[in-house]
Protein chains: 2
Amino acid sequence: MIYIVIIAAVLALCFAAFNYMTVKRMPEGTEEMQEIAGAIRVGANAFINYEYKILYTVVAIVAVVLLVITTWHAAVALIIGSVMSGCAGFVGMKIATYANVRVSNRARETKDIGETVKVAFQGGSVMGLCVGGFALLGLFIVYMVFGIGMGQLEITEASYTNLIGLSFCPFTMTLSGYALGCSMVAMFNRVGGGIYTKAADMGADLVGKTEVHIPEDDPRNPATIADNVGDNVGDVAGLGSDLLESYVGAISSGIILAYHMFSKSLAEGTGMSNDLLKTLVLFPLIFVSIGLIASCVGIASLIFRKKPSENPHKSLNGSTYLASGLTIVLGLVVSWLMFGGYESSSLRNILGFQCGWLSSWIAATVGVIAGIAIGMIAEYYTSDEYRPTRDLAHASLEGAALTITQGLALGMKSCMLPCLILGAGIIISYSVSGMYGVAMAAMGMLSFVTATVSVDTYGPISDNAGGIAEMSKLDPQVREITDTLDSVGNTTAAIGKGFAIGSGALAALALMISYLYSYNDFSTELVLNLMEPMTLAGAIVGGALPFLFSGILIEAVAKTARSMVNEVRRQFKEIPGILEGKAKPDYKTCIEISTKGAIGEMRVPALLAIVVPVGCGFVFGPEFVGGILIGSTICSIMIAIFAGNSGGAWDNGKKYIESGHIKGAGKGSPAHDAAVVGDTVGDPLKDTVGPCLDIFIKIMSTVSLVTVAVFAENNLAAVITGLFG
Amino acid sequence: MIYIVIIAAVLALCFAAFNYMTVKRMPEGTEEMQEIAGAIRVGANAFINYEYKILYTVVAIVAVVLLVITTWHAAVALIIGSVMSGCAGFVGMKIATYANVRVSNRARETKDIGETVKVAFQGGSVMGLCVGGFALLGLFIVYMVFGIGMGQLEITEASYTNLIGLSFCPFTMTLSGYALGCSMVAMFNRVGGGIYTKAADMGADLVGKTEVHIPEDDPRNPATIADNVGDNVGDVAGLGSDLLESYVGAISSGIILAYHMFSKSLAEGTGMSNDLLKTLVLFPLIFVSIGLIASCVGIASLIFRKKPSENPHKSLNGSTYLASGLTIVLGLVVSWLMFGGYESSSLRNILGFQCGWLSSWIAATVGVIAGIAIGMIAEYYTSDEYRPTRDLAHASLEGAALTITQGLALGMKSCMLPCLILGAGIIISYSVSGMYGVAMAAMGMLSFVTATVSVDTYGPISDNAGGIAEMSKLDPQVREITDTLDSVGNTTAAIGKGFAIGSGALAALALMISYLYSYNDFSTELVLNLMEPMTLAGAIVGGALPFLFSGILIEAVAKTARSMVNEVRRQFKEIPGILEGKAKPDYKTCIEISTKGAIGEMRVPALLAIVVPVGCGFVFGPEFVGGILIGSTICSIMIAIFAGNSGGAWDNGKKYIESGHIKGAGKGSPAHDAAVVGDTVGDPLKDTVGPCLDIFIKIMSTVSLVTVAVFAENNLAAVITGLFG
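This one's a predicted model, so the numbers in the text were calculated from it and none came from an experiment.

**Looking at the overall build of chain A**
Phase 1 of the analysis: Helix and strand counts for chain A come out as 22 helices and zero strands.
Phase 2 of the analysis: For 725 residues, the compact-globule estimate of 2.2 N^0.38 gives 27 Å, and the C-alpha radius of gyration of chain A, at 25 Å, lies within 12% of that figure.
Phase 3 of the analysis: When its C-alpha atoms are laid out on the principal axes, chain A stretches across 80 × 65 × 45 Å.
Phase 4 of the analysis: Looking at the 725 residues of chain A, the share that counts as buried comes to 68%.
Phase 5 of the analysis: Within chain A, contacts between residues at least 6 apart in sequence are counted, and of these 86% link residues at least 24 apart.
Phase 6 of the analysis: Accessible surface for chain A amounts to roughly 21,800 Å². Of this, 62% is attributable to carbon and sulfur atoms.

In structure tokens form, the structure reads like this:
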């Protein structure tokens, strides 16, 4: 059955290659369009090359450290993980920079929304398919080589007794190493890309729109190419590797959990068999594989449709719903095949599966539904079709201060519903199939990630296509089509952000459970007791961490945006004829400023995420780190939802005013100025802070998981306690 | 020794009465001043009467509910608590409305800063002394009548065995009832007052400053009296009853904790004696009593000084430092008297006191020092003498968007240091004297609350004095003096807010520990396991609660401010000659709008805080509520620090620009406009959201503590588990 994994991975990668080729073979349009697209492509490549050089240096260093303090398995797995995730981000971004101009060209040639959507989506699907394909390919390798090949998965009562004595379990460690590799790429792409994209965007807007009053994406603005590069760098590569990381985190923590929990019952002789253990370990892998196949079907259903719908939102949702529905149906079949052979009563007694063979399927389905529901809530709060954003747009009539106030209130209020869904998901999945069920819910939520990433990547490609249409002065009708695509993209982005934090939160919680299993001995119960003073202190400090991290990120964006502002101002002053369109601005310097700023500014937050849990582990011990993880996860969930929804609502509120929905307020009115202030404040919140927090909690959990075996036994607090006894 | 409590309480109340009389006997100044002050006084009285009517209706209802579901002791204690806290808030606010005009008059007569500060501080000290005096008076009554008088404190091995069987412990329940009474008053005063003061302030500024460009406190602005009423209602009565509640919460949770923890060891026969138990129960009461006496000395040292310093900040700090230093020294004596008679080794073995008789003193001292340190950090982030606020002021040069962005970043970054101090305080106090030590740290931090509240109340009195000087067109030199006082008041307010949330957090944590003891049987270990799915789900939902609460509060302020804006606009339009100063505006209607808006809008958030923990308790059981408490406490700490420091920095950044410190930017410049936007956004954050969150977490903990005995045994989750079990 394990071969379903590799079949799914190869299928996805082949499909990705096919889409890549198909899109690349499409015509690029006029010479001007080609030139602009080329500039964006060169800028994006330059950034990713520059970033990957540093990234892989850091990966190499971390691999050496792992080699020294843990095992060579973990170090190798780390490298495999970083290569898989790096490839996915690279390929996905590459095709995005090809697809953008082809989308504008298709719109120019056909003047048909449906046809244009197909191109944008086909381009985006490459990122989605690469996320699913590369992640599973790597997992398959790690599982086959280390798990099956090296016999780490074979557990007998004798080998279990050995495990208890070990300071760490080799199989767990290998899988965590793989997850860490993916995490590190995600960290770099998300944080670096997040700073890049918003610094360029804010820099372009602050001078372009506010000072010299030229429209968005105007070719006279020197920062405009950097702004478009940013979409590819932050929203395509960043998003892709972030969700890949959640995906791997959820799957591997499910495996680790099953391995720890059930090998214990195996050793205790409660009727557990090695067969059943392997089934439990395999289930998450198989489930996500069928989820990947279902996603391929969902994607194909849109790409190969003869007559695509005129309503892009409907087509995209259709593809996601098909993928998730099919995942649920196929999952039922798989569950029956895997668990159907066992008696219900024995599953209940041994595993605590309250609903027999259906149990793990129910838990996974809860995850799927929760993921979709959380996305819908984000849509409610940020789409201008609903009251919250419309009220916010009306608040702009009363000036900038009340626009900000109202937006802050909107974001804060929007935290409750997703949290209720997360809470309900946890309780239901646990009551059906125990702690394993919680991990399965996380895995289920991410099982159709390929479909959601494809839809999410459609957004920035369309955004870029609009920019290219504007810059190469195409027919306004073309811009109209890309604008429709773009505004749908804004909504899908908001949904995607809700989904990203929801799934990231569940993945982080699953990782945390694995963390607790890893430092608590195989034979102890799972406890994270907040009445332990170390844990409580950790939770309070941990709660402050995402705030510190967010503050640093906002400042980083503001700082880089300021350099950008100065450069744009300089060019307007020093290059004569630039504003009349007679001279060409120097796009390259702006790209360099964003690139260097992003890479330079990401150091502190990235280090923070890696060093704090490890450092605290060696000083204060594993209880403190457990507290840090739970405190920072809870606060990160809230800030990420708050930031995403406030920012999205400010953005769409501004668009609502621009499209003339409010009497007496349009472009250039005081209300519009107020809305622009809101949008600018929201930019770093929704596109830097929120997305970076997803990865922040996951990398903290993963780093802790990898190193806990070491610092649980060697830490200062333990030494001091030992001395004073 | 228990009589120290009543001696301290009576001393404080007599001193308060003396200060009240002294201030009230001072001359009021010109007729115009008297008229304005009279209008403020009438407005404040009207609000508090209106509010107390509703408050005591709710108290009566809750008392009946307590009577039915728990014991009559708790209901009576609830009423005592609400009367004590209500009196403190009423008297403190009353004298503040007398003191304000006398401060302006003293400035007018003497033109001496030192003399003026003395009046403002003497007025403020009444609030401080009432907080300490009334709180201890009530505690003394409850302790004597129910504890000693009704023999609830007598624990023998036999009676302990009875306690285990009881669904709740009568003594604990009575004390919690008392704390709940104080909480409810604080809830009403903080939330109602918080909405009132900022709605009036924003309403006055949005039209006055932004639309018709008249200065702050201009008598032509119809909302200006309401604005000044707000200071008394929100910043005097609200702050006083909030800190009274923390004070009572910390003391009573210390007592409850000692009672639960050590009666267990008594029953187990580990060498514990009934004498030692009583000493442990009494220690927090005695410690705060000597803290109250020390505070009286600190206050007297400033009031009776012959030649007061020209630097108000120094005088005020001197008084606080004297009070806290004296508390530490006297505390040492008290500890020796109470614990010195026991052998160190037996204290270590029985109680886990690592440092013998010094242990509980060390824990309390840690609290005192942590409280002062947290205040200092707030000063660093919000005073324009340090970099953060100066950088923020400079960001205003680049427009409103970057001002907001920078302020958000500042507030977010400022969360870390106070949390590190809280974390260190918890670890140190625990390692010295166990969980009892953590409660003693909370108690220690609040032991000199009388001194801090006195300094805090000085601020709004000075603010009002400035307003009266402006409105009655006194000599600009007078306004200069009151402005100096006011700007010092801004810093003391920021320090006070830091202190309020720090101490509130510790008090809430101490209450939470008591909560766990109350629902876990007397004989079980203390566990709040976040790996229980119910607790985990509770923590996630709990984390979202303060965000929801904050969002609702911000909207409430904005909504009331909007009605105010409309009324002010109407008056400017309909009353001819109002802007030329020929006609008098209608102040009363504005006061009515603020009063009704505040009372109307506070219903939802107040209900939320009371109903959510109880409702969840009856549906999901005590583990879920435990999760809610920890999740909401952690998130509330962060939001409160963030809100307080962002808001304070925006306010002072604006003042920094107004005082001409930045070249090319002054009053009326675009940079100043941007700074005003920041200040307006910060207003509801720092004066409504932050302060209300202090009380939010405490009232949730107190309500849970009172009702847990009932819902621990009767809840839906337990019923369902029982059915399917």
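Having seen the model, we can carry on.
**Topic: the environment of F121 of chain A**
Phase 1 of the analysis: Along the chain, F121 of chain A falls in helix 4 (residues 113-149).
Phase 2 of the analysis: Once residues lying within four places of it in the same chain are set aside, the contact partners of F121 of chain A are I299, L302, I303, L316, S319, S454, V455 and Y458 of chain A.

**A look at the side chain of K118 of chain A**
Residue and element names in this part refer to chain A.
Phase 1 of the analysis: As for its position among the elements, K118 is in helix 4.
Phase 2 of the analysis: In this structure, K118 is buried with no salt-bridge partner, the nearest side chain bearing the opposite charge being E115 at 4.1 Å.
Phase 3 of the analysis: Apart from the residues lying within four places of it in its own chain, the contact partners of K118 are L302, I303, R305, K306 and P308.

**A closer look at the pattern of salt bridges**
Phase 1 of the analysis: Under the defined criterion, the tally for this structure stands at 54 salt bridges over all chains.
Phase 2 of the analysis: The shortest N-O distance in the salt bridge between E555 of chain A and K413 of chain B comes to 2.8 Å. Of this pair, E555 of chain A sits in helix 17 (residues 533-574) while K413 of chain B sits in helix 13 (residues 400-413), placing the two residues on different chains.
Phase 3 of the analysis: According to the relative accessible area criterion, E555 of chain A is partly exposed, its value standing at 27%.
Phase 4 of the analysis: With a closest N to O distance of 2.8 Å, E574 of chain A and R570 of chain A form a salt bridge. Here E574 of chain A pairs with R570 of chain A, and both are found in helix 17, just four residues apart, close to one helical turn.
Phase 5 of the analysis: Judged by relative accessible area, E574 of chain A falls into the exposed class, the value being 52%.
Phase 6 of the analysis: One network of salt bridges, in which partners are shared, links K198, D201, K497, D651, K655, D683, K686 and D687 of chain A.

**Digging into the layout of surface pockets**
Phase 1 of the analysis: Roughly 1,400 Å³ of volume is contained in the second largest pocket.
Phase 2 of the analysis: Lining of the second largest pocket is provided by 41 residues; of these, P533 of chain A together with Q354, Y430, S431 and G434 of chain B occupy positions nearest its centre.
Phase 3 of the analysis: When residues of the lining of the second largest pocket are traced back to their parent elements, those giving at least two are helix 17, helix 19 (603-620), helix 20 (622-658) and helix 22 (716-724) of chain A together with helix 7 (224-268), helix 10 (344-351) and helix 14 (416-447) of chain B.
Phase 4 of the analysis: Per element, the largest residue contribution to the lining of the second largest pocket is seven residues, and it comes from helix 14 of chain B.
Phase 5 of the analysis: Residues belonging to the lining of the second largest pocket are distributed by class as follows: 22 nonpolar, 14 polar and five charged.

**Structural notes on the relation of the copies chain B and chain A**
Phase 1 of the analysis: Under the fitted operation, chain B is carried onto chain A by 0.0 Å of movement along the axis and a turn of 180 degrees, and the coordinates agree to an RMSD of 0.0 Å. Taken together, these values place the two copies in the relation of a two-fold axis. Residues of chain B ranked by C-alpha distance from the rotation axis are headed by N529 of chain B, positioned 2.2 Å from it.

**Comments concerning empty space enclosed by the protein**
Residue and element names in this part refer to chain B.
Phase 1 of the analysis: In this structure the tally under the stated criterion is 11 cavities of 30 Å³ or more.
Phase 2 of the analysis: The calculated volume of the largest cavity comes to roughly 240 Å³.
Phase 3 of the analysis: Surrounding the largest cavity, 16 residues form its lining, N317, T320, G375, T452 and I495 being those nearest its centre.
Phase 4 of the analysis: Listing elements by their share of the lining of the largest cavity, those giving two or more residues are helix 9 (312-339), helix 11 (359-382), helix 15 (449-471) and helix 16 (476-519).
Phase 5 of the analysis: For the lining of the largest cavity, the element with the most residues is helix 11, which contributes five residues.
Phase 6 of the analysis: In the lining of the largest cavity, the residues fall into seven nonpolar, seven polar and two charged.

**Overview of the interface of chain B and chain A**
Phase 1 of the analysis: Across the boundary between the two partners, chain B contributes 64 residues, which contact 64 residues of chain A.
Phase 2 of the analysis: Across the interface of chain B and chain A, roughly 6,000 Å² is buried in total on both sides, 83% from carbon and sulfur atoms.
Phase 3 of the analysis: On the surface where chain B and chain A come into contact, there are four salt bridges.
Phase 4 of the analysis: Residue E398 of chain A is joined to R562 of chain B by a salt bridge in which the shortest nitrogen-to-oxygen separation is 2.9 Å.

**Brief notes about unusual backbone geometry**
All names here are of chain A.
Phase 1 of the analysis: A positive phi is found at D217, a non-glycine position, where the angle reads about 60 degrees.
Phase 2 of the analysis: Looking at the secondary structure, you find D217 in the loop between helix 6 (170-208) and helix 7 (224-268).
Phase 3 of the analysis: What makes D217 buried here is its relative accessible area of 7%.
Phase 4 of the analysis: With a phi angle near 50 degrees, K473 is a residue other than glycine that sits in the positive phi range.

**A closer look at the packing of aromatic side chains**
Phase 1 of the analysis: Tallied over the full model, the rule gives 40 aromatic pairs over all chains.
Phase 2 of the analysis: By the ring-pair criterion, three or more aromatic residues cluster together here, those being F283, F287, F339, F353 and Y436 of chain A.

**A few points about the environment of E211 of chain A**
Residue and element names in this part refer to chain A.
Phase 1 of the analysis: By the secondary structure assignment, E211 is in the loop between helix 6 and helix 7.
Phase 2 of the analysis: Residue E211 is classed as partly exposed on the basis of its relative accessible area, which comes to 39%.
Phase 3 of the analysis: For E211 and L285, which are 74 residues apart along the polypeptide, the C-alpha to C-alpha distance reads 54 Å.
Phase 4 of the analysis: For E211, the contacting residues outside a window of four places in its chain are L206 and R569.

Cut-offs and rules
Residues numbered from 1 in each chain as written. Chains lettered and ligands numbered in written order. Predicted model: local features only at pLDDT ≥ 70, side-chain atom pairs only at ≥ 80, totals over all residues. Heavy atoms only, no water. Helix = DSSP H or I, 4+ residues; strand = E, 2+ residues; numbered from the N terminus. Rg over C-alpha atoms; globule rule 2.2 N^0.38 Å. Buried < 20%, exposed > 50% of the residue type's maximum accessible area, 1.4 Å probe, protein only. Contact = heavy atoms within 4.5 Å. Areas by Shrake-Rupley, 256 points an atom, 1.4 Å probe, with all protein chains shown as cover. Lys, Arg positive; Asp, Glu negative; His and termini not counted. Salt bridge = Lys/Arg side-chain N within 4 Å of Asp/Glu carboxyl O. 1 Å grid on protein atoms, 1.4 Å probe; cavity = no way out; pocket = protein on both sides within 12 Å on 5 of 7 lines; lining within 4 Å. Points joined across faces, edges and corners; volume = space filled by probe spheres on them. Nonpolar A, V, L, I, M, F, W, Y, C, P; charged D, E, K, R; others polar. Least-squares fit on C-alpha atoms with pLDDT ≥ 70 in both. Buried area = accessible area lost by both parts, 1.4 Å probe. Phe/Tyr/Trp six-rings, centres within 6.5 Å; stacked < 30°, edge-to-face > 60°.

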